[in-house]
Amino acid sequence: MIEISHVNKWYSPTFQVLTDCTTSVTKGEVVVVCGPSGSGKSTLIKCVNALEPFQSGEITVDGTKVHDPKTDLPKLRSRVGMVFQHFELFPHLKIIDNLCLAQTKVLGRPLDKAKTKGMQLLERVGLKEQAEKFPAQLSGGQQQRVAIARALAMDPIVMLFDEPTSALDPEMVSEVLDVMVDLAREGMTMMVVTHEMGFARKVANRVIFMDRGEIVEDAQKDDFFGKPRSDRAQKFLSKILSH
Amino acid sequence: MLGSFDFDVIRRSLPYLFYEGMTFTLTLTALAAFGGLVFGTAIALMRLSGYKLLGRIAGLYVDFMRSLPLVLVIFWFYFLVPYIGQWITGAPRPIKVGAFASSLITFIMFEAAYFSEIMRAGIQSISRGQPAAASALGLNYAQTMRYVVLPQAFRNMLPVLLTQTIVLFQDTSLVYVLSIPDFLGAASKVAQRDGRLVEMYLFAAVVYFTISCIASFGVRRLQSRIAIIR
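Criteria and cut-off values
Residues numbered from 1 in each chain as written. Chains lettered and ligands numbered in written order. Predicted model: local features only at pLDDT ≥ 70, side-chain atom pairs only at ≥ 80, totals over all residues. Heavy atoms only, no water. Pairing = 2+ DSSP bridges. Helix = DSSP H or I, 4+ residues; strand = E, 2+ residues; numbered from the N terminus. Axes fitted to C-alpha atoms, helices over the stretch in contact; angles between N-to-C directions. Contact = heavy atoms within 4.5 Å. Core = buried A, V, L, I, M, F, W, Y, C linked by side-chain atoms within 4.5 Å. Buried < 20%, exposed > 50% of the residue type's maximum accessible area, 1.4 Å probe, protein only. Buried area = accessible area lost by both parts, 1.4 Å probe. Salt bridge = Lys/Arg side-chain N within 4 Å of Asp/Glu carboxyl O. Polar contact = N/O pair within 3.5 Å; in protein donor to acceptor, adjacent residues only side chain to side chain. pLDDT = per-residue confidence, 0-100. Patch = residues over 30% accessible without salt bridge, like charges linked within 9 Å, V, L, I, M, F, W, Y side chains within 5 Å. Areas by Shrake-Rupley, 256 points an atom, 1.4 Å probe, with all protein chains shown as cover. Parallel < 35°, antiparallel > 145°, perpendicular 65-115°, else oblique. Left-handed = near helix turned anticlockwise from the far one by under 90°. Nonpolar A, V, L, I, M, F, W, Y, C, P; charged D, E, K, R; others polar.

Take the sheet that holds strand S3 (residues 30-34) of chain A next. Residues and elements named next belong to chain A. As summarised here, the arrangement of the six strands in space is S6-S7-S8-S3-S9-S10, forming an open sheet in which the pairing is mixed. Taken across any chain shown, the strands that pair with only one partner, and hence form the sheet edges, are strand S6 (80-83) and strand S10 (214-220). Shown here is a sheet whose adjacent strand axes are inclined to one another by a mean of 15°, direction ignored. In this sheet, strand S9 (residues 206-211) lies alongside S3 in parallel orientation, the contact comprising four bridges. Across the sheet, Val 31 pairs through a bridge with Arg 206, a residue of S9. Lying over the sheet, helix H5 (residues 140-152) contacts S6 and strand S7 (158-162), oriented at roughly 170° with respect to S6.

This is the structure:
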């Protein structure tokens, strides 16, 4: 589904953020990307739907070359759902309109169909009653669940999560993770940047560990948590799992 | 002392002052504000676009317009437009452009320079995550601007835009250099015809003051209401 091969990215000629990153996500797989902050994990996931450009290497999503200048990026992105750390709901639109905007303008769905779909998804994330409110009237956890519903409304072939729980108060983390776990169990292909190792243990197939722009470890979940091969991954795990 | 003044001249000229003068002033203000906002937003988008050349052209335009006195631009434009029109269309004679059209175009071009800076600030005030989220949903650049960025920028900047429009409302009185009967022009005509300069100019000042004051008050109320919604 997602093929990442030998991707390099520089912010400036002397500052390389991604170094020779190669990995893949197959259909129905849930891959968790973790690593210390500044390791390039968010940058890597944003390269997948071309929100961040990269200078060399190749990424293909469902056979479409992301790096090809001829690729219709809006069309590609409409098939790839993305959830951001800071939710990024559109504050001037009601919740239901947040869900309908891209459905009508990008997919060309009639408004009534888009609304029906939007309401179904809101019900699924448990927020049907909030449809007529504005984003600022919702809690962080609710906003993030709306953001997930908004991405799902586009019927994505794969979902990207960029630290979806990092900006949330602790008591709201689980309501968002529950939605993500359900999604994973239904067979959605997911690439998730997160520090939530509980989530990784529960539903991940593979875990990728990144440090200083490199993919240091790319292992099946049990192998990763069993005994990581690299020192850096061991250190990282001991730090975040010890408490 | 007040006995030597004739304030009845105001009452007698009210229909002319408001039906002709104020109508013209308000029409010019509204059209120029609208046109200036549309044109100004386009300039702001040019300045913020990734294309250096476009950005530089827009920047030069803004600097140029802001470095000239408005009266001069109105004056020059009135005399130059017919010749520019002739040059563009290749007509044998200078094109006839009415005083209203000429002053409207001038105000739109001039105000666009100011509105563009306001809209630029408004667009920049929106976090980068917003256009990123819009792109991630598959919206293209134009859709992202139209449905996500500009509505928010416009709303955030509405008080400033309206305040600038109040300034514009006062500035429209400068069309007197083209001897157009806007509100001030109309008052001035009556003043000179009847030799009642003090009365008419005093009255004009009161009217401008009242309207601008009420409008400013409205903007302040709006500002506090927007602050609550956010």
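Counting 52 residues, the largest nonpolar core has Ile 148, Met 159, Phe 161, Met 180, Met 190, Phe 199 and Phe 224 of chain A as its most contacted members. By residue number, the principal contributor to this core is helix H6 (residues 170-185) of chain A, which donates nine residues. Apart from residues no more than four positions distant in its own chain, Phe 224 of chain A is found in contact with Cys 34, Val 207, Phe 209, Glu 217, Ala 219, Ala 233 and Leu 237 of chain A. Core analysis: the next-biggest nonpolar cluster, separate from the first, contains 40 residues, Ile 2, Phe 54 and Leu 160 of chain A together with Leu 139 of chain B among them.

It is worth spelling out the interface of chain B and chain A at this point. Counting from both sides, the interface comprises 18 residues of chain B and, opposite them, 19 residues of chain A. Both sides of the chain B and chain A interface together cover about 1,600 Å² of buried area, and 67% of this is carbon and sulfur. On the chain B side of the interface with chain A, the three residues burying the most area are Ala 136, Leu 137 and Tyr 147 of chain B, jointly 36% of the side's total. Linking chain B with chain A are zero salt bridges, by the criterion used here. Counting the contacts that link chain B with chain A gives four residue pairs in polar contact (both at pLDDT 80 or more). Elements with a contribution of two residues or more to the side of chain B that touches chain A: helix H5 (129-136) and helix H6 (141-171) of chain B.

Caution applies to low-pLDDT regions: their predicted coordinates should not be interpreted in detail. Residue and element names in this part refer to chain B. Per-chain confidence: chain B averages 89 in pLDDT, with 97% of residues scoring 70 or above. Mean pLDDT in chain B bottoms out at helix H3 (residues 70-89), which sits at 85, and peaks at H5, which reaches 95. Both confidence scores are given for the complex: pTM 0.87, ipTM 0.91.

All names here are of chain B. On the surface, a nonpolar cluster with roughly 890 Å² of combined accessible area is contributed by Phe 64, Leu 68, Leu 72, Trp 76, Leu 80, Ile 84, Trp 87 and Ile 88. Here the nonpolar patch gets six residues from one element, more than from any other, and that element is H3. Here Leu 68 lies in the loop between helix H2 (52-66) and H3. A relative accessible area of 31% means that Leu 68 is categorised as partly exposed.

Moving on, we come to the side chain of Glu 117 of chain B. Residue and element names in this part refer to chain B. As for its position among the elements, Glu 117 is in helix H4 (residues 99-124). The class of Glu 117 is buried, set by a relative accessible area of 19%. When residues no more than four places from it in sequence are discounted, the contact partners of Glu 117 are Arg 47, Val 62 and Arg 66.

Turning to the side chain of Gln 142 of chain A, a few remarks are in order. Residues and elements named next belong to chain A. Counting through the fold element by element, Gln 142 comes out in helix H5. Owing to a relative accessible area of 18%, Gln 142 belongs among the buried residues under this scheme. Within the structure, Gln 142 has its side chain in polar contact with the backbone nitrogen of Ser 139 (distance 3.0 Å). Apart from the residues within four sequence positions on either side, Gln 142 is in contact with Leu 127, Gln 130 and Glu 175.

Once that is clear, we can look at the packing of H5 of chain B against H6 of chain B. Residue and element names in this part refer to chain B. Packing of H5 against H6 brings their axes to within 10 Å, and their N-to-C directions diverge by 160°. As the angle between them shows, H5 and H6 are arranged roughly antiparallel. Note on packing geometry: the crossing formed by H5 with H6 is right-handed. The segment H5 lies against H6, with Gln 130, Pro 131, Ala 134 and Ser 135 engaging Thr 144, Val 148, Val 149 and Gln 152. Residue composition of the contact of H5 with H6, grouped by class: four nonpolar, four polar and no charged.

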